[in-house]
Structure formats: C-alpha cells, structure tokens
Amino acid sequence: MKPYEVLLHDNKHWAARKKAEDPAFFERLLHVQSPEFLWIGCSDSRVPPDQITQTEPGEIFIHRNVANLVVNTDVNLMSVVDYAVNHLKIKHVVVCGHYGCGGVKAAMSNRDFNQVLNMWLRNIKDIYRIHRKELEAIPDEEQKVNRMVELNVKEQVFNLAKTAMIQRAWSVDQRPDLHGWVYDLHDGLIKPIVEMKAGADLDDLYEFEGL
Ligand code: CO
C-alpha cells in the first residue's frame with residue numbers, strides 16, 4: 001500500500017469502529033454543529049487538538065497556522081473567528097502554542113526563509129522586540145525560545161481582544177472567554193498561560209466605543 005492509501009484504509013476502519021461503538025454517531029453529527037470551543041493552534045503535526053484534549057468530532061472548531069498567530073489582516077483566520085463567534089456562538093477561544101515551536105525558533109534567527117515565510121514570521125519578530133529585555137536576560141537558548149512561545153501565545157490572545165469582533169461579542173453577549181495555553185511535547189501536558197474573561201480590561205488604545 002502507498003502511504004496515502006494507508007490513510008484511506010485506516011479511515012474505513014475508523015468509520016466502521018465508530019459506527020459499531022455508537023450506531024447513531026454519524027447521524028447525530030449530520031445536522032448540527034454546535035462546538036463550544038474555537039481552537040487556534042500551530043500547524044505542527046505533533047499537536048493534534050482533538051487528540052491532546054480527548055475531544056470528539058463536533059466539539060472543537062479548529063484553525064491552525066504556523067506558530068498559532070492571530071493576524072488581523074488574515075482573511076482566513078478572521079473568517080474562522082467571525083463564523084465561530086457570530087454564527088456558532090462559541091463560548092471559549094483557545095490559542096494553543098507549543099514549546100520548541102519551529103516557527104518561533106525560525107523567527108528568532110536571522111535566516112532568510114524567502115518571501116512568504118519571512119512575511120509571516122515578521123509578526124513574531126515584532127513580539128520579540130516588545131519583550132526583548134525579558135528575553136535577552138535568559139541565558140539558556142532553549143529556555144529563551146520557550147519563554148518566547150509563552151509570550152507569543154499571550155500576544156495572540158491580546159490580538160483577539162483588540163478586534164471589534166471580539167469586543168462586540170463581549171459587550172452584547174458576555175462571551176467568549178479567551179485562553180492562552182502552551183502544549184509540552186515532552187510530556188503531552190498543556191499549561192495555561194493567560195486568560196481573558198469576556199469583558200476583561202484592555203489597553204484603552206485598543207478599545208472601540210459604541211459597540
Ligand atoms: Co509550532
């Protein structure tokens with residue numbers, strides 16, 4: 001079997017097993033989608049959101065990109081947030097990074113990754129600049145990257161809070177709560193880093209009036 005054929009083969013087994021365990025499984029998910037969580041995670045293949053949280057199909061709405069960034073000019077991400085917040089009415093948004101993130105590491109180097117990746121990684125370099133003092137006081141390179149991963153998650157949660165979309169949902173509907181987490185590849189555990197409950201305080205500069 002070719003590698004991609006293994007995927008199709010395993011899919012058949014999975015579908016059969018699901019149906020055997022719970023005959024109404026697919027039927028139930030067919031007509032409604034009402035997940036409680038939006039997950040914004042890294043594309044890294046070692047951090048599969050549903051497996052590490054033991055959730056089933058239908059439970060998490062997912063967006064993934066390199067280094068789990070919330071860029072407000074990213075039409076892809078903003079459409080996902082819009083749909084999740086305004087249509088699915090999700091209650092929690094989780095931004096989940098992971099220690100040792102290759103995207104974060106790359107952004108901390110001076111290597112030229114050519115046009116498109118450079119554009120994306122620039123967003124992370126800007127975060128490094130904001131936290132330069134704290135980061136450069138860390139002598140160990142791995143620890144520095146890991147602290148940067150935490151700061152990145154924090155800034156991405158703030159980036160969500162800076163959007164009128166989130167602020168409007170907070171003022172109209174008192175949701176969603178925003179959570180910043182970091183997954184550890186060493187032991188499979190998730191560490192909560194930051195939490196912003198709906199309506200949380202925000203730098204005045206970013207607050208919209210009349211929402
Ligand atoms: Co990563």
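Analysis parameters
In this numbering scheme, every chain counts its residues from 1 along its sequence in written order. pLDDT decides what is reported in this predicted model: residues at 70 or higher carry local features, side-chain atom pairs at 80 or more are listed and counted, and totals for whole chains, interfaces and linings draw on all residues regardless. Side-chain measures here rest on the full set of heavy atoms in the structure, leaving out hydrogens and waters. Ligating atoms shown are N, O and S within 2.8 Å of the metal, or 3.2 Å for Na, K and Ca, and water is not included, meaning a site may look less than complete. Type-normalised accessible area, obtained with a 1.4 Å probe on protein chains alone, sets the label of each residue: buried when under 20%, exposed when over 50%, and partly exposed for intermediate values. Only DSSP runs of H or I covering at least 4 residues are called helices, and only runs of E covering at least 2 are called strands; the numbering of each starts at the N terminus. The contact rule is simple, with two residues in contact once any of their heavy atoms fall within 4.5 Å. Each reported salt bridge corresponds to a side-chain nitrogen of Lys or Arg within 4 Å of a carboxyl oxygen of Asp or Glu. Each polar contact in these results corresponds to two N or O atoms within 3.5 Å; when the atoms are within protein, one needs to be able to donate a hydrogen and the other to accept it, and residues that are neighboring in sequence are counted only if both atoms are side-chain atoms. In this description, a nonpolar core means a group of buried Ala, Val, Leu, Ile, Met, Phe, Trp, Tyr and Cys residues linked to one another through side-chain atoms lying within 4.5 Å.

Asks: Any chance you could explain the coordination of the cobalt ion here in plain terms?
Replies: For a metal bound by four donors in tetrahedral geometry, the ideal donor-metal-donor angle is 109.5 degrees, whereas six donors in octahedral geometry ideally sit at 90 or 180 degrees. Coordination of the cobalt ion by the protein comes from Cys42 (SG), His98 (NE2) and Cys101 (SG), over a distance range of 2.0 to 2.3 Å. Each donor residue of the cobalt ion belongs to the same chain, with the gaps between them written as C-x55-H-x2-C. Of the two residues, His98 and Cys101, neither departs from the other in class, the shared state being buried.

Asks: Looking at this structure, how should I read helix H9 (residues 164-173)?
Replies: Helical geometry: 3.6 residues make up each α-helical turn, so side chains three or four residues apart lie on a common side. Looking only at H9, the buried set comprises Met165, Ile166, Gln167, Ala169 and Trp170. Here the buried face of H9 lies against helix H4 (75-87), helix H8 (141-161), strand S4 (177-183) and strand S5 (190-196). Gln174 sits one or two positions beyond H9 and adopts a positive phi of about 50°.

Asks: Would you take a moment to explain the pattern of salt bridges for this structure?
Replies: A side chain with one charge may pair with a side chain of the opposite charge, provided their charged atoms come close. Counted according to the given criterion, the structure contains 12 salt bridges. The salt bridge involving Asp22 is made with Arg28; its shortest N-O contact spans 2.8 Å. Across the salt bridge formed by Glu134 and Arg147, the nearest N and O atoms sit 2.4 Å from each other. Pair noted here: Glu134 is in helix H7 (residues 132-136) and Arg147 is in helix H8, with a separation of 13 residues, a long-range link. By relative accessible area, which is 36% here, Glu134 ends up partly exposed. Arg147 gets classed as partly exposed once you look at its relative accessible area, which sits at 21%. The network of salt bridges with common partners includes Glu134, Arg147, Glu150 and Lys191.

Asks: It is not clear to me how the side chain of Asn152 should be interpreted in this structure. Could you clarify?
Replies: Tracing the chain through its elements places Asn152 in helix H8. Within the structure, Asn152 has its side chain in polar contact with the backbone oxygen of Ala67 (distance 3.1 Å). The residues contacting Asn152, other than those within four sequence positions of it, are Ala67, Asn68, Leu69, Val104 and Ile127.

Asks: I'm lost on the nonpolar core in this one. Help?
Replies: The nonpolar side chains of a soluble globular protein tend to be buried, and buried together. The biggest cluster of nonpolar side chains holds 25 residues, and the ones touching the most others in it are Leu38, Ile40, Val81, Leu160 and Leu178. Elements with a contribution of two residues or more to this core: strand S1 (37-42), H4, strand S3 (92-98), H8, H9 and S5. Sequence-distant contacts of Leu160, that is, excluding residues within four places in its chain, are made with Ile40, Val70, Val81, Val93, Val95, Ile166 and Leu178. Core analysis: the next-biggest nonpolar cluster, separate from the first, contains 21 residues, Ala67, Trp120, Leu135 and Met148 among them.

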